[in-house]
Amino acid sequence: MDVTERMGTGSDENQGALNQITFSNRQLLVLIMPLIIEQFLGVAVGMADSIMVASVGEAAVSAVSLVDSVNVLLFFAFNALATGGAVVCGQYIGRKDVEKGNEAAEQLLVFVTLLAAGIMAILYGVKYFILHGLFGQIEADVMAYANTYFLIVEASIPFMALYSAGAALFRVMGNSSMSMKISIVMNIVNVCGNAILIFGFHCGVEGVAIPTIVSRILGAVAVIMLLRNEKYLLHIRKPFRYRYNKKMVLNILRIGVPSGIESSLFNLGKIMLLSVVSLFGTASIAANAVSNNIATLQTLPAAAIGVGLITVVSQCSGARDFGHARYYTKKLILWAYGLMAIWNGFLFIIQPFFVDLYNVSDEAAHMAMIILWLHGGLGILLWPAAFTLPQALKGAGDTTFVMMIAVGSMWVFRIVTGVYMAKYLGFGVLGTWYAMFIDWVCRAALYLLRYRGKRWEEKYIK
């Protein structure tokens, strides 16, 4: 049965809609399943990379970790900016203005590439400050590895940004299988390259850095070549003549920049908490590291559904069809809860095996198990409302509100409360995780209140 039949086209919620936007269950599954696979592969490859880097030695692991603590901020910032640009395109698709959708896509691709190239140049210019000032006094071999890794991998920033933008455009068209296929190829190149250079040619950190830049170049080239094909709803028009459109770029920035700030500050907060965790000894550091890696797996289904929700709600918002925007939000949130319960039930069974893979002390393993039981159990109850639901608000263009809640809640609860519970209430590393769960409750409550209101429906691209 069609969605409009179930809801009734004459409902107050649908009044003023430009078009009726509907997605069948099959269309939703075709959109979401590749996102789940893509995110799972990303986590798995990250784990494989960590294991291979460890074979080079502790100095190499430390060097890569230090440089990537900076790079991860850039990765999430550009990914958020790309998603913001894709929301603009999705809203134009919803209102059936494909011409403007294509123009927005071109503006996004050019803008993020130029911005990334500028940031890359700045990073090379301040390399000494980053390595010696930001990282402080580190051992000579770690510094040498960090310098080598930095010089190679930072050159991949424009390609990473371009790939992120292109992949976001395919997702907002509903063609998430294309971004998944490109991601699979990139991950294969990355893992195989690491294995060949590290185990075959006995390279150091360059054995990790070179496959990274090669895979990102391939990803960027692939999305551009594919987007040149006019069979796709969003494409690079022929002949390509770029003309700067200030209004469109400002729309992209209005939606993308708050998401980028939110993502960057969120990861910066996680880095800051590491300094607190380090006060409690090696076992606590190891338990925290293991828990962070496996916790990402626990939230994977709901995170993937959140990415798909942006596509659905952006198209509905562009058509002013907020009745369906609400309908699909509720539906996909229920899917997120169901999949979280099933997936975490499975992970609980194999959790001891995962923890054993890291070969940490019994004390660290015990703490990690406690953290993961809590994270998975509370995640089933809270994570979709705290992190999947705000993706619907972002799809409607309400990114500034989402940023304000996310940043405020993180600093008040995750940072301030986390430090207090860890250091002064005596909970140790567990205190930082308890504070994070309080942060989840706050986010979920405020995002639910926002969703129940009407103000987020007024944020669409005019």
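Before reading on, note that the structure itself is shown above.
Overview of the structure. (Residues numbered from 1 in each chain as written. Predicted model: local features only at pLDDT ≥ 70, side-chain atom pairs only at ≥ 80, totals over all residues. Heavy atoms only, no water.)

Okay, the overall build of the protein next. Secondary structure assignment for the protein yields 16 helices and zero strands. Its C-alpha atoms give the protein a radius of gyration of 22 Å, within 12% of the compact-globule value 23 Å for 462 residues. Over its C-alpha atoms, taken along the principal directions, the protein stretches across nearly 65 × 50 × 35 Å. Looking at the 462 residues of the protein, the share that counts as buried comes to 53%. Sequence separation of at least 24 residues holds for 83% of the intrachain contacts in the protein that already meet a minimum separation of 6. As presented, the protein carries roughly 19,900 Å² of accessible surface, and 67% of it is formed by carbon and sulfur atoms. (Helix = DSSP H or I, 4+ residues; strand = E, 2+ residues; numbered from the N terminus. Rg over C-alpha atoms; globule rule 2.2 N^0.38 Å. Buried < 20%, exposed > 50% of the residue type's maximum accessible area, 1.4 Å probe, protein only. Contact = heavy atoms within 4.5 Å. Areas by Shrake-Rupley, 256 points an atom, 1.4 Å probe, with all protein chains shown as cover.)

Counting across every chain of the model gives 17 aromatic pairs. Consider the rings of Trp 343 and Phe 346, whose centres lie 5.8 Å apart with planes at 35 degrees: the pair is tilted. Placement of both Trp 343 and Phe 346 in helix H13 (residues 322-357) is noted, with a separation of three residues, approximately one turn of the helix. Following the ring pairs from residue to residue traces out a cluster consisting of Phe 322, Tyr 451, Trp 456 and Tyr 460. When the ring centre of Tyr 451 is taken as reference, the NZ or CZ atom of Arg 326 above it lies at 5.1 Å. Between Arg 450 and the ring centre of Phe 401, over which it is positioned, the NZ or CZ distance is 4.1 Å. (Phe/Tyr/Trp six-rings, centres within 6.5 Å; stacked < 30°, edge-to-face > 60°. Lys NZ or Arg CZ within 6 Å of the ring centre and 35° of its normal.)

As for its placement among the helices and strands, Thr 311 is situated in helix H12 (residues 300-318). You can call Thr 311 buried: its relative accessible area is 2%.

Taking 1.5 Å per residue, 26 residues should reach 38 Å; helix H15 (residues 399-424) reaches 35 Å between its end C-alpha atoms and fits that length. Where H15 bends most, at Met 410, the angle is about 35 degrees. Where H15 terminates, the next one or two residues include Gly 426, which has phi positive at roughly 80 degrees. (Expected span 1.5 Å × (residues − 1). Bend = angle between axes of the 7 residues up to and from the residue.)

Let us now look at the nonpolar core. Core analysis: the largest hydrophobic core is formed by 67 residues, its most contacted members being Val 312, Trp 440 and Tyr 447. Secondary-structure elements contributing two or more residues to this core are helix H2 (25-54), helix H11 (282-298), H12, H13, helix H14 (362-395), H15 and helix H16 (429-452). With 15 residues, the single largest contributor to this core is H14. Apart from residues no more than four positions distant in its own chain, Tyr 447 is found in contact with Ala 385, Ala 386, Leu 389, Pro 390, Leu 393, Phe 401, Val 402, Ile 405 and Ala 406. (Core = buried A, V, L, I, M, F, W, Y, C linked by side-chain atoms within 4.5 Å.)

This part takes up the pattern of salt bridges. Summed over the entire model, instances satisfying the criterion amount to eight salt bridges. Between Arg 237 and Glu 99 there is a salt bridge whose closest N-O contact spans 2.6 Å. Linking Arg 237 in the loop between helix H9 (206-227) and helix H10 (246-277) with Glu 99 in helix H4 (residues 98-125), this pair joins segments that are 138 residues apart in sequence. The exposure class assigned to Arg 237 is partly exposed, which follows from its relative accessible area of 24%. Two residues, Arg 326 and Glu 457, come together in a salt bridge whose shortest N-O distance is 2.9 Å. Residue Arg 326 is found in helix H13, and its partner Glu 457 is found in the segment after H16; the two are separated by 131 residues along the sequence. Assigned by exposure class, Arg 326 and Glu 457 land together as buried. (Salt bridge = Lys/Arg side-chain N within 4 Å of Asp/Glu carboxyl O.)

Taken together, Leu 268, Ile 271, Met 272 and Leu 274 make up a surface patch of nonpolar side chains, about 290 Å² in accessible area. Structurally, the position occupied by Ile 271 is in helix H10. For Ile 271, a relative accessible area of 30% gives the class partly exposed. (Patch = residues over 30% accessible without salt bridge, like charges linked within 9 Å, V, L, I, M, F, W, Y side chains within 5 Å.)

For the bond running from Lys 238 to Pro 239, omega is -10 degrees, close enough to zero to count as cis. Turning to its location among the elements, Pro 239 is positioned in the loop between H9 and H10. Positive phi, normally seen in glycine, also occurs at His 202, with a value near 55 degrees.

Before going further, it helps to examine the side chain of Glu 154. Along the chain, the position of Glu 154 falls in the loop between helix H6 (140-153) and helix H7 (157-172). Salt bridges are absent for the buried Glu 154, whose nearest opposite-charge side chain, Arg 216, sits at 7.1 Å. (Lys, Arg positive; Asp, Glu negative; His and termini not counted.)

Glancing now at the packing of H2 against H11. Relative to each other, H2 and H11 sit at 165 degrees, their axes nearing to 10 Å. What the angle tells us is that H2 and H11 run roughly antiparallel. You can see that H2 and H11 cross each other, and the crossing is left-handed. Within the contact between the two elements, H2 uses Phe 40, Val 43 and Met 47 and H11 uses Asn 293, Thr 296 and Leu 297. Per-class residue counts for the contact of H2 with H11 are four nonpolar, two polar and no charged. (Axes fitted to C-alpha atoms, helices over the stretch in contact; angles between N-to-C directions. Parallel < 35°, antiparallel > 145°, perpendicular 65-115°, else oblique. Left-handed = near helix turned anticlockwise from the far one by under 90°. Nonpolar A, V, L, I, M, F, W, Y, C, P; charged D, E, K, R; others polar.)

With that out of the way, let us pick up the environment of Leu 29. Counting through the fold element by element, Leu 29 comes out in helix H2. Distance in space between the C-alpha atoms of Leu 29 and Leu 425 is 46 Å, their sequence separation being 396 residues. Beyond its immediate chain neighbours, meaning those up to four positions away, Leu 29 contacts Pro 34 and Trp 335.

This part is about the state of the cysteines. Tallied over the entire structure, the rule returns zero disulfides. Unpaired in this structure, Cys 192 has its nearest cysteine sulfur neighbour in Cys 203, at a distance of 15 Å. Relative accessible area serves as the criterion here: at 42%, Cys 192 is assigned to the partly exposed category. (Disulfide = S-S within 2.5 Å.)

By themselves these figures say nothing about function.
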